[in-house]
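In case you want the letters, here they are:
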Amino acid sequence: MQYSEALISGQNLPMSEALSTGGITTLVGLAIVFGVLVILMIVLCLFKVFFYKEPAKKAAPAAAPAEPAAPAPAAEAEADIEDEEELIAVLTAAVAASLNTSTYNLQIKSYRRVPNKRPAWNNAGLRETIGNRI
Amino acid sequence: MYALIDGGAMPAIKTIIMLAVACVLLYLAIVKKFEPLLLLPIAFGMLLTNLPMLKDSSAIMMHTEYFTDPQYMIMENGHSQIDVGMIAREGGLLDLLYLGVKLGIYPPLIFVGIGCMTDFGPLIANPKSILLGAAAQFGVFFTFVGALVLSAMFPSISFGVKEAASIGIIGGADGPTAIYVTKSLAPALLPAIAVAAYSYMALIPIIQPPFMKLMTTKKARSVVMDQLRPVSKTEKILFPIVVTIVVGLIIPDAVSLVGCLMLGNLMKESGVVDRLVKTAQNELMNIITIFLGVTVGATATAESFLSAQTLGIIVLGLVAFCFSTIGGLLLGDLMYVLSKGKVNPLIGSAGVSAVPMAARVSQIVGQKENPSNFLLMHAMGPNVAGVIGSAVAAGVFLSMFNGL
């Protein structure tokens, strides 16, 4: 595409030329950007077809790292033994941190989920603290 | 009177204004914490280059004229090129460091570090979100038109297509990309564009939320999205390779940015070169950031910075950010309708690349509607797609206008 002297220097640029060149560049540019990213989207959809298998059982812990760091995380009853070990490790670490002691001094014998009885104010405070840190 | 303005009082006043601008930027960086990692070196570079006692002395650290004035350049094939030999012989410290900007070395190297810190997992898990990264480039092109229109309206402002492209790319909300485009297309505008880009990036939490509330319904804002699927290591390793090939085939001018981004990402995801990853995302990136910031700031001399054009750039930069946000939100709204309410349109505004600030804003605005909603990971998809999108938009501009 050829650009006039006025378009390159920007001096004495007629409005019609500014709008027409701007419009064409916008259309071509957005088309290319969308084109490239649509191709990438198709590739990523193919990724899913080739590499992703629906998990047979309902145990997909890897996603959503943005869970709130509540002191007593929820335990799923049907979780694997491995998951349970991980959970106990987390609980031990949480208790150790709040008692300011070492994990070696603690032994988790059992755990159960406590219903959330916090007042609304505390919930709001918790959310705000999380919000401030992300 | 004319002589006084020309030779006497005016330069002194301009110098004082520039020193004041530098101090204000230092204040914003240090006290207000506006992107301090870049704004602090930029502001200090500005201070260094405008010190009045250095003018015409041999201690001067930066000769901006070597890079912009044709008198100091050599002609090659009808284009004036910088004279690297002369800069090496006579240049000050900042001249030498500025070569890294001028020759396009620093921005791609920063992208290697950014690639090491970026997780494309959320994008791979939800491929549709990559389109939001494209829609958020709307502001880039809208501002390109805006700059040309402004230039047609006011005789004191003359933005040609190259300048308009450099200003538009501010809307990509990506500092290194903006610097990379500007140093090739409109080197004289580099300081104003860099300052505008980084300042507005710091202001994203203030700029975006009003548009987000305006352009979405309360019901749409409180949509809780499905959990993202887990992404395997194979996919994460293949992604950077495939992106580099696809982008390289279609828009070769974008490869120096996208390729470096993907190199960093591949180093991280492959897991076999931990040492390189550590260096790239820490030491290398920090060193480059210092060089880049201080030299970009040092190009802001009174003559180049204090003009109607700078004012135009600051206004247009804001326009670019607003319309990029609007572009992302529009497509977000469309996706909300097409998916019958499964996509929260708030993630659209995260399509401007400023990682991870824009995604955080989506999260915070979403949580105001529905306190148990966690949009952060969903917003990271469009956010990292925005980095690719703005690099592609940069490639489009470079292929169209470089060499004119």
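About the cut-offs
Residues numbered from 1 in each chain as written. Chains lettered and ligands numbered in written order. Predicted model: local features only at pLDDT ≥ 70, side-chain atom pairs only at ≥ 80, totals over all residues. Helix = DSSP H or I, 4+ residues; strand = E, 2+ residues; numbered from the N terminus. Rg over C-alpha atoms; globule rule 2.2 N^0.38 Å. Buried ≥ 20, exposed ≤ 12 C-beta atoms within 10 Å, placed from the backbone. Contact = placed C-beta atoms within 7 Å. Domains from an automatic or database assignment. Nonpolar A, V, L, I, M, F, W, Y, C, P; charged D, E, K, R; others polar. Expected span 1.5 Å × (residues − 1). Axes fitted to C-alpha atoms, helices over the stretch in contact; angles between N-to-C directions. Parallel < 35°, antiparallel > 145°, perpendicular 65-115°, else oblique. Core = buried A, V, L, I, M, F, W, Y, C linked by C-beta atoms within 7 Å. pLDDT = per-residue confidence, 0-100.

1. Thoughts on the overall build of chain B
Phase 1: Secondary structure summary: chain B contains 21 helices and two strands in total.
Phase 2: For chain B, the C-alpha radius of gyration of 22 Å lies close to 22 Å, the compact-globule estimate for 404 residues.
Phase 3: Each principal axis of the C-alpha atoms in chain B carries an extent, and together these give about 70 × 45 × 40 Å.
Phase 4: Here chain B holds 404 residues, and 57% of them are scored as buried.
Phase 5: Long-range contacts, defined here as pairs at least 24 residues apart, represent 76% of the contacts in chain B between residues at least 6 apart.

2. Let's talk about the overall build of chain A
Phase 1: Tallying secondary structure elements over chain A gives four helices and zero strands in all.
Phase 2: Start at the N end of chain A and walk to the C end: the helices and strands fall as α-α-α-α.
Phase 3: Taken across its 134 residues, chain A has 13% of its residues classed as buried.
Phase 4: Counted over contacts in chain A with a minimum sequence separation of 6, partners at least 24 positions apart contribute 21%.

3. Description of the domain arrangement of chain A
Phase 1: Under the domain assignment used here, chain A contains domain 1 (5–51) and domain 2 (81–133).
Phase 2: Placing a centre on the C-alpha atoms of domain 1 of chain A and another on those of domain 2 of chain A gives a separation of 50 Å.

4. Examining the interface of chain A and chain B
How large an interface is tends to be reported as the accessible area lost when its parts come together.
Phase 1: With 42 residues of chain A in contact, the opposing surface of chain B contributes 50 residues.
Phase 2: Breaking the side of chain A that touches chain B down by element, the ones donating at least two residues are helix H1 (5–9), helix H2 (15–51) and helix H4 (120–133) of chain A.
Phase 3: For the side of chain A that touches chain B, the element with the highest residue contribution is H2 of chain A, accounting for 24 residues.
Phase 4: For the side of chain A that touches chain B, the class distribution of residues is 30 nonpolar, 11 polar and one charged.

5. Concerning the environment of Ala391 of chain B
All names here are of chain B.
Phase 1: Locating Ala391 in the fold gives a position in helix H21 (residues 376–401).
Phase 2: Residues Ala391 and Pro176, 215 residues apart in the sequence, show an inter-C-alpha distance of 9.5 Å.
Phase 3: Among residues more than four places away in sequence, those in contact with Ala391 are Thr177, Ala254, Leu257, Val258 and Leu261.

6. Digging into unusual backbone geometry
All names here are of chain B.
Phase 1: Residue Pro356 is reached from Val355 by a cis peptide bond, and omega for that bond is -5°.
Phase 2: Although it is not a glycine, Lys33 sits at a positive phi angle of roughly 55°.
Phase 3: For Lys33, the location among the structural elements is in the loop between helix H1 (2–30) and helix H2 (36–49).
Phase 4: Judged by the 10 C-beta atoms lying within 10 Å of it, Lys33 falls in the exposed class.

7. Considering helix H19 (residues 308–338) of chain B
Phase 1: With 31 residues, H19 of chain B extends 45 Å from end C-alpha to end C-alpha; this agrees with the ideal 45 Å at 1.5 Å per step.
Phase 2: After H19 of chain B finishes, the residue Lys340 of chain B shows a positive phi value of roughly 55°.

8. Digging into the packing of helix H11 (residues 175–185) of chain B against H21 of chain B
Residues and elements named next belong to chain B.
Phase 1: Close contact between H11 and H21 brings their axes to 10 Å; oriented N to C, the two are set at 5°. In terms of orientation, H11 lies roughly parallel with respect to H21. Seen from H11, the contacting residues are Thr177, Tyr180, Val181, Ser184 and Leu185; seen from H21, they are Ser390, Ala391, Ala394, Phe397, Leu398 and Phe401.

9. Notes on the environment of Asp119 of chain B
Phase 1: Among the structural elements, Asp119 of chain B can be located in the loop between helix H6 (106–117) and helix H7 (121–125).
Phase 2: Distance from Asp119 of chain B to Gly381 of chain B, taken between C-alpha atoms, is 9.0 Å for residues 262 residues apart in sequence.

10. Digging into the nonpolar core
Phase 1: Counting residues in each nonpolar core, the largest one holds 155 residues, and the members touching the most others are Leu37 of chain A together with Ile42, Ile193, Ala194, Val392, Ala394 and Phe397 of chain B.
Phase 2: If you tally residues by element for this core, the top one is H21 of chain B, at 17 residues.
Phase 3: Ignoring anything within four residues of it in the chain, the contact list for Ile42 of chain B reads Leu25, Ala194, Val195, Tyr198, Gly293, Val296 and Gly297 of chain B.

11. Some details on the confidence of the model for chain B
All names here are of chain B.
Phase 1: Averaged over every residue, the pLDDT of chain B is 90; the share at 70 or more is 98%.
Phase 2: Mean pLDDT per element in chain B: strand S2 (residues 79–81) is the minimum at 76, and helix H16 (residues 255–270) is the maximum at 96.
Phase 3: In this model, residues 1–6 is a region of pLDDT below 50 whose contacts with residues beyond four sequence positions or in other chains number two contacts.
Phase 4: Quick note on the complex model: pTM equals 0.82, ipTM equals 0.89.

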